[in-house]
Amino acid sequence: MHIPSRLVRSTLAVLVPALLLAGVFAASRADDRKAAAVPANRPALTVTTARPATARLPLTLAANGNVAAWQEAVIGSESNGLRLREVRVNVGDVVRKGQVLAVFDADVVNADLAQARAALQEAEANAAAAQADAQRARALQSSGAMSAQQVTQYLTAGRTAAARVAAARATLSQQQLRLKYTQVVAPDSGIVSSRNATVGAVAGVGTELFRMIRQGRLEWRAEVTSAELPRIRPGLKAQVKAASGAAIAGTVRAVGPTVDPSTRIALVYVDLPPSLSPDAPLKAGMFAGGEFNLGESAALTVPQQAVAVRDGFAYVFRLNPDSRVSQLKVTTGRRLGERIEVVAGLPAEALVVVSGAGFLNDGDLVRNVAPAPAAGPRQAALRAEGQR
């Protein structure tokens, strides 16, 4: 039977695409079956591992407290009823011992001083005449030319004149002291922290004019609980952190002898280095935190990268012999650089995941590779050159 060529060509045009589609579908089904079988044995992540290491970490005790002046000197007036004529310093000024801070009007004192000098000269003149009379009376006493009563009167007058000279000298010294007090001087070197002196004011004896931080010395009064107090002793080193972030080294000077019965808090006095600079990082009245250095102790540490924090808890992943990981909840402690102390929850011989720990889940299959060596200066330079 003769089949027309037109029919053959149309039949082939339909069958060939259908066969091709069937082959593609069958191949895709086979690939899907292979892909479904592979993930069961494919690692979820490539990681690096390390074993915990023992290191000696510093033991510290954190505390908070106020910064205060080591000693604050109160400089008052020693003159009574004098007008303040001049004030030479202000708050924040650095002064040295003996420097004049303020001056009172000395006109009245100078007048009293001149009067005291004149009274002393008069008393000395009278004393010289009385002493001469007493000497003559003493010379004539044995001759009988003068009665014993007259001799006694001349001798008594001489001693009385000498006493009046001593009294005049005391009055002169008092007036000289008043003149000295018209100048208010710094009792020690330091920084002026307060000024109440006002030009024109009439100050009484004992009126506070200035306050001064002696020698610029400050101290940190750390607040420590009664349970932590036995760990601190005089001579311990401390670090005080200023608001600017600067750390200032100090030394424990004294431990408070009493504990506040309401708060159970004791004060520890830490001496800070003296500084007369107005730009010092710590100032009296600041609230600052710090820590005491209690020594050091052995600790089990892991790299910081190995610790994953989830829901407020710390975890590490231990690599098992079957290349799967187990999630372990741990308790962390101190930090030193890139390492963290593990206080509990991790065996010392465990192999923990370092890189990639934050992307793992309990039971994941991983591939462990050796960590890449740190690039030296030459390798880093070659790498940077290749990137350019």
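Residues numbered from 1 in each chain as written. Predicted model: local features only at pLDDT ≥ 70, side-chain atom pairs only at ≥ 80, totals over all residues. Heavy atoms only, no water.

Trainee: Sorry if this is basic, but what is going on with the overall build of the chain here?
Mentor: Secondary structure summary: the chain contains four helices and 22 strands in total. Burial analysis of the chain (388 residues in total) assigns 31% to the buried set. Within the chain, contacts between residues separated by at least 24 positions form 75% of all contacts whose residues are at least 6 apart in sequence. Surface exposure of the chain reaches about 23,800 Å², of which carbon and sulfur atoms provide 54%. (Helix = DSSP H or I, 4+ residues; strand = E, 2+ residues; numbered from the N terminus. Buried < 20%, exposed > 50% of the residue type's maximum accessible area, 1.4 Å probe, protein only. Contact = heavy atoms within 4.5 Å. Areas by Shrake-Rupley, 256 points an atom, 1.4 Å probe, with all protein chains shown as cover.)

Trainee: In this structure, what is going on with the pattern of salt bridges? I would like to understand it.
Mentor: Any two side chains of opposite charge can pair, so long as their charged atoms come close to each other. Under the defined criterion, the tally for this structure stands at 13 salt bridges. The salt bridge involving E72 is made with R211; its shortest N-O contact spans 3.8 Å. Here R211 lies in strand β11 (residues 208-214) and E72 lies in strand β4 (residues 72-76), a separation of 139 residues in the sequence. Using a relative accessible area of 27% as the deciding quantity, one classes R211 as partly exposed. (Salt bridge = Lys/Arg side-chain N within 4 Å of Asp/Glu carboxyl O.)

Trainee: How should helix α3 (residues 148-181) be read in this particular structure?
Mentor: Given 3.6 residues per helical turn, the α-helix brings residues three or four places apart onto the same face. Over its 34 residues, α3 runs 50 Å from end to end, which matches the ideal 50 Å to within 8%, given 1.5 Å per residue. Close packing links the buried residues of α3 with α2 (107-140). (Expected span 1.5 Å × (residues − 1).)

Trainee: Quick question: what am I supposed to make of the nonpolar core here?
Mentor: For soluble globular proteins, nonpolar side chains are generally found buried alongside one another. Counting 24 residues, the largest nonpolar core has W220, I232, V268, V270, L272, L282 and F292 as the members making the most contacts within it. Elements with a minimum of two residues in this core: β3 (53-69), β12 (218-225), β13 (237-241), β14 (247-255), β15 (265-271) and β16 (287-303). Core analysis: the next-biggest nonpolar cluster, separate from the first, contains 18 residues, L82, V95, F104 and A203 among them. (Core = buried A, V, L, I, M, F, W, Y, C linked by side-chain atoms within 4.5 Å.)

Trainee: I would appreciate a short explanation of the sheet that holds strand β10 (residues 202-203) in the present structure.
Mentor: Paired through their backbone hydrogen bonds, the strands of a sheet run either parallel or antiparallel. The sheet built from four strands is open, its strands ordered β8-β7-β5-β10 with antiparallel pairing. Sheet topology places β8 (183-185) and β10 at the edges, where each strand pairs with a single neighbour. As paired elements, strand β7 (residues 100-104) and β8 share three bridges and run antiparallel to each other. Residue V103 lies in a different strand from β8, and its bridge partner there is Q183. (Pairing = 2+ DSSP bridges.)

Trainee: Any chance you could explain the sheet that holds strand β9 (residues 190-195) here in plain terms?
Mentor: Spatial ordering of the open sheet is given by β4-β11-β9-β6, a layout of four strands whose pairing is antiparallel. Where the open sheet ends on each side, the last strands, each with one partner, are β4 and β6 (94-95). Two strands pair when backbone bridges link them, and β9 and β11 are joined in this way by five bridges, in the antiparallel orientation. Its bridge partner being in β11, G190 is matched across the sheet by R214.

Trainee: What is the right way to read the side chain of D271 from this model?
Mentor: With respect to the helices, strands and loops of the structure, D271 is situated in strand β15. A polar contact of 3.0 Å, which involves the side chain of D271, links it to the side chain of R253. (Polar contact = N/O pair within 3.5 Å; in protein donor to acceptor, adjacent residues only side chain to side chain.)

Trainee: Explain the packing of α2 against α3 here, please?
Mentor: When two helices pack together, you describe them by how their axes are tilted relative to each other and by the distance separating the axes. Where α2 meets α3, the axes come as close as 7 Å, and the angle between the chain directions of the two elements is 160°. Between α2 and α3, the angle falls in the class roughly antiparallel. As for the relative orientation of α2 and α3, their crossing is left-handed in sense. (Axes fitted to C-alpha atoms, helices over the stretch in contact; angles between N-to-C directions. Parallel < 35°, antiparallel > 145°, perpendicular 65-115°, else oblique. Left-handed = near helix turned anticlockwise from the far one by under 90°.)

Trainee: Please explain the confidence of the model for the chain as it appears in this structure.
Mentor: Close inspection of predicted coordinates is inappropriate for parts of the model with low pLDDT. Averaged over every residue, the pLDDT of the chain is 84; the share at 70 or more is 84%. Taken as a whole, residues 32-38 scores under 50 in pLDDT and shows zero contacts with residues more than four places along the chain or in a different chain. A low-confidence stretch, residues 375-388 stays under pLDDT 50, and its non-local contacts, those more than four residues away or across chains, total two contacts. (pLDDT = per-residue confidence, 0-100.)

Trainee: Sorry, what's going on with the environment of L346 here?
Mentor: Looking at where L346 falls in the secondary structure, it is placed in the loop between β20 (339-344) and β21 (352-353). For L346, a relative accessible area of 10% translates into the label buried. In this structure the C-alpha to C-alpha distance between L346 and K329, which are 17 residues apart in sequence, comes to 8.1 Å. When neighbours within four sequence positions are excluded, L346 is seen to be in contact with P52, L300, V302, V316, L328, V330 and V352.

Trainee: Please clarify how the pairing of β7 should be interpreted in this entry.
Mentor: The two faces of the sheet receive side chains in turn, since in a regular strand these alternate between them. For β7, the buried fraction is high: five of the five residues fall into the buried class. Pairing geometry for strand β5 (residues 82-87) and β7, over three bridges, is antiparallel. Bridging from a neighbouring strand, E86 pairs with V103 of β7.

Trainee: Teacher, can you tell me more about the environment of A132 here?
Mentor: In this structure, A132 sits in helix α2. Among the residues examined, A132 registers a relative accessible area of 27% and is labelled partly exposed. Sequence separation between A132 and Y154 is 22 residues, and the spatial gap between their C-alpha atoms is 9.2 Å.

Trainee: When you look at the pairing of β11 in this model, what are you seeing that I'm missing?
Mentor: Relative to β11, β4 is paired through five bridges, and the arrangement is antiparallel. Its bridge partner being in β11, E72 is matched across the sheet by I213.

Trainee: Quick question: what am I supposed to make of unusual backbone geometry here?
Mentor: Among all residues except glycine, the phi angle is most often negative; among peptide bonds, the trans geometry is most common. Backbone geometry at Q215 places phi at a positive 60°, although glycine is not the residue there. With respect to the helices and strands, the residue Q215 is situated in the loop between β11 and β12. Here the phi dihedral of S323 falls at roughly 65°; this positive angle occurs in a residue that is not glycine. When you line up the elements, S323 lands in the loop between β18 (313-319) and β19 (325-336).

Trainee: I would appreciate a short explanation of α2 in the present structure.
Mentor: Its 34 residues give α2 an end-to-end C-alpha distance of 50 Å, which sits within 8% of 50 Å, the value for a rise of 1.5 Å per residue. Buried residues of α2: V109, L113, A116, L120, A123, A127, A130, A134 and A137, and no others.

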